Each structure stands twice: as C-alpha cells, then as structure tokens.
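Examining the three-dimensional arrangement
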Amino acid sequence: MTHLNNIPTGSLKMIAHFGALLTMIAWGSSFLCTKVLMTEGGFTPVEMFVYRFAVAYILLLALTFKHILSNNWKDELQFLICGLCAGSLYFVTENYALKHTTAGNVSLLVAISPVFTAVLLSVVYKTRMKSGVIIGSIIAFMGVACVIFSNGEGFEIRPVGDILALVASLSWAIYTVAVKRLSPIYNSLFVTRKIFFYGVVTAFPLLLIQKEPLHFFDLFNGEYPSYTINFAFLVVFCSVCAYLIWNEAMKILGPVTANNYLYLQPMVTMVAAYFILGEIITPMGYIGCFLIIGGLIISDKLRIGRDKE
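Quick caveat: nothing in here was measured; it's all calculated off a predicted structure.

Quick look at the overall build of the chain now. The secondary structure content of the chain amounts to 12 helices and 0 strands. Along the chain, helices and strands appear, N-terminal first, in the series α-α-α-α-α-α-α-α-α-α-α-α. For a compact globule of 309 residues, the expected C-alpha radius of gyration is about 19 Å, and the chain comes in at 19 Å, within 12% of that figure. The C-alpha extent of the chain, read off along each of the three principal axes, is 55 × 50 × 35 Å. Pairs at least 24 residues apart make up 88% of the contacts formed inside the chain by residues separated by at least 6 positions. Summed over its atoms, the accessible surface of the chain is roughly 14,800 Å², and 72% of this surface lies on carbon and sulfur atoms. A gap of 15 Å separates the mean positions of the 20 positive and 16 negative side-chain charges of the chain.

Right, let's talk about the state of the cysteines for a bit. According to the stated counting rule, one finds 0 disulfides in the structure shown. With no disulfide partner, Cys85 has as its closest neighbouring cysteine sulfur the one in Cys82, 7.3 Å distant. Residue Cys146 stays outside any disulfide, its sulfur separated by 9.7 Å from that of Cys289, the closest cysteine.

Before going further, it helps to spend a moment on the packing of helix 7 (residues 159-182) against helix 9 (residues 225-253). Taken N-terminus to C-terminus, the directions of helix 7 and helix 9 make an angle of 60°; their axes are 11 Å apart at the nearest point. The orientation of helix 7 with respect to helix 9, classified from their angle, is oblique. Between helix 7 and helix 9 the crossing geometry is right-handed. On helix 9, the residues that touch Trp172, Tyr175, Thr176 and Val179 of helix 7 are Tyr243, Trp246, Asn247 and Met250. Among the residues forming the contact of helix 7 with helix 9, the class breakdown is 6 nonpolar, 2 polar and no charged.

Here we come to the packing of aromatic side chains. Throughout the structure, instances matching the rule amount to 26 aromatic pairs. Where Phe197 meets Tyr198, the ring centres are 5.0 Å apart and the plane angle is 75°; that geometry is what we call edge-to-face. In this structure Phe197 comes out as partly exposed when scored by relative accessible area, which is 31%. Note on Tyr198: relative accessible area 13%, which makes it buried. Look at Tyr224 and Tyr227: their rings are 4.8 Å apart centre to centre, the planes differ by 10°, and that puts the pair in the stacked class. Clustering of aromatic rings is evident, with ring pairs tying together Trp27, Phe49, Phe53, Tyr90, Phe91, Trp172, Tyr175, Phe196, Tyr243 and Trp246. One residue, Lys180, lies across the ring of Tyr125, its end atom 5.2 Å from the ring centre.

This part is about the side chain of Lys194. Note that Lys194 resides in helix 8 (residues 188-209). A residue is classified by how much of its surface remains accessible, and Lys194, at 4% relative accessible area, is buried. Polar contacts involving the side chain of Lys194 include one to the side chain of Glu76, which spans 2.5 Å. With sequence-adjacent residues up to four places away left out, Lys194 is seen in contact with Ile68, Leu69, Ser70, Glu76 and Phe79.

Before going further, it helps to examine the nonpolar core. Counting 77 residues, the largest nonpolar core has Trp27, Trp172, Tyr175 and Trp246 as the members making the most contacts within it. It is helix 9 that contributes the most residues to this core, 13 residues altogether. Ala118, Leu121, Val133 and Val256 belong to the second-largest nonpolar core, a separate cluster that totals 5 residues.

The subject of this paragraph is the packing of helix 3 (residues 73-100) against helix 8. Remark: helix 3 packs on helix 8, axes separated minimally by 7 Å, with the N-to-C direction vectors making an angle of 60°. By the angle between their axes, helix 3 is oblique relative to helix 8. Judged by the twist between their axes, the crossing of helix 3 over helix 8 is right-handed. Between helix 3 and helix 8, the residues in contact are Glu76, Phe79, Leu80, Cys82, Gly83, Leu84, Ala86, Ser88 and Val92 and Phe190, Val191, Lys194, Ile195, Tyr198, Gly199, Thr202, Ala203 and Leu206, respectively. Residues of the contact of helix 3 with helix 8, tallied by class, amount to 12 nonpolar, 4 polar and 2 charged.

Cut-off values and rules
Residues numbered from 1 in each chain as written. Predicted model: local features only at pLDDT ≥ 70, side-chain atom pairs only at ≥ 80, totals over all residues. Heavy atoms only, no water. Helix = DSSP H or I, 4+ residues; strand = E, 2+ residues; numbered from the N terminus. Rg over C-alpha atoms; globule rule 2.2 N^0.38 Å. Contact = heavy atoms within 4.5 Å. Areas by Shrake-Rupley, 256 points an atom, 1.4 Å probe, with all protein chains shown as cover. Lys, Arg positive; Asp, Glu negative; His and termini not counted. Charge placed at Lys NZ, Arg CZ, Asp CG, Glu CD. Disulfide = S-S within 2.5 Å. Axes fitted to C-alpha atoms, helices over the stretch in contact; angles between N-to-C directions. Parallel < 35°, antiparallel > 145°, perpendicular 65-115°, else oblique. Left-handed = near helix turned anticlockwise from the far one by under 90°. Nonpolar A, V, L, I, M, F, W, Y, C, P; charged D, E, K, R; others polar. Phe/Tyr/Trp six-rings, centres within 6.5 Å; stacked < 30°, edge-to-face > 60°. Buried < 20%, exposed > 50% of the residue type's maximum accessible area, 1.4 Å probe, protein only. Lys NZ or Arg CZ within 6 Å of the ring centre and 35° of its normal. Polar contact = N/O pair within 3.5 Å; in protein donor to acceptor, adjacent residues only side chain to side chain. Core = buried A, V, L, I, M, F, W, Y, C linked by side-chain atoms within 4.5 Å.

Taken by themselves, the reported measurements are silent on function.
Written out as structure tokens, the structure reads:
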C-alpha cells in the first residue's frame, strides 16, 4: 500500500476515515453473523474465533508467502503480543463474558477500549492527550450507553462477566499500543497475517480441550448454506478486509483517533438489526447515535492540547 504515499495528506485522511467507518460496519455486522452460527449451528466461542482466523490466515499467506518471519526476534515477540491481545484473548474473553453477564454490560465495558488506549499511549510514549479527544470520548461513550440500554436492559454488576469484558477492552488497547511501533516497519498485509497466526496459535489449545464436538465441516455442508454464507462474510469482509483497512487507518489517523471509531460498533449493530432482524430503534437509540457521531466529530476537529500520536 505504498502508493498511498502519493496521495495528498488531506485526501489520505479522508480515505482513512472512510476506511475506519467501513471497518466498523464490518465489525458491527459481524455480531449478527456470529449469533447465527452460535445459536443455530451450535458453534462455541473458541471454534468461531479459531475457524474464522485460521481460514483468514491461509488467505493472507497466499498473498504474502515470500516473507514469513519478521526482521528480528524482538519484533516477532511483539507480533505474538499483538496476536494474543487482538485475537485470542480479546475474542475469547469477550465471548465468555456474555455467558456470565448481560450483553449490555459487555458492549458497554468493551466500549471503554478507546479510553484505555489513550491512557496507555500517553504513559508509554509520554504524550499529552488532547482535551478535544477527552471531551469527544466522553460524549461518544454516553452515546454508546444510550444505544445499548435503548432496549430497556439496564446495567447490573456481575463481577465475573464484567471483569472478563474489561480484560477484553484492555487487551485491545494493549494491541493498539504494541502495533504502533510495528506499523511503520511492516506493511499492513504482513502485520495482519502475523496477528492472525499468533491469534490462532494461542487459541488452538483451548479448541483441543473443549468438551463440545467440533463443527468445522458443518460450515461447508450443503444442507446449511446460511452457515457457509455467514462464515464467508466473517472471514473475507470482517477479518481479512477489515483488519487490513484498520491497520492502514491507524497508520494514517493515529491510534487514538482511529480507536474512537470503535464507539460506532454498537450503533452499527443496532442499525443492522433493524434492517435485517426487524428490531425497533427507540428514541433513546436515536439520541445515542447522535451523541456517538457528535463525539467522533469533536474528537477529530477540536484541537485543544498537544497530541503526538
């Protein structure tokens, strides 16, 4: 993607913003596909992650098979951390959190990830967070709360599930900080492929010890075409394309600005459920959408304070 360097800075940022938005559409919609496979197909949370990322890794390997290892073992170790935090640890803790607490709790607590990211970056790289980012994040987070609780489900403390959700949120923030140093050195294809590889490797032992039967071949059984369609969407659009675009967007926008787009995920899920499942959007849901979009605009446009992303 080196040809992007020839595009004017302003246009490049617009493309990056559009890419981040497209990624949120993919990831927000992925919840519906995953729900179909887990509820109708009986796939476990670990199965969903391992199958999805393993197939995505094979597709990326076909594109970048000439360069397997990173430049040194220090970078390789950092890729392992990225794969663990953005892959197995994030998805497994998030999925299992749903078994111990409400979906509203999980969505809200995972949405704290951009805040964790901003704090970690300021500590690790000794930078000062922009006031505009802080204000915009607070507004967007309030919007997320409105969207999540618009279905009438309130927040109730359930320690085990809530802690797992916070671990998922923190793990994504750690990935964002860890990949920041690697992104300028390696192209997005290589970075994404390495993340998928180490995500699958660290989650595979969990797949081997699970008591439930494996359902991999059901994904390609002609009797269940919906399984194949949903899985293909998860692999191609939500994994390969979305992660490639996301890693490139973080290079251009910076990790704090890019991660603020994560606030859009619950909104995208709500809108997708409206069109696909016929779920009603309440007035609080509309207010939440307005706050989220407003918060993102403020975070990007209100330049108060210094920020060295």
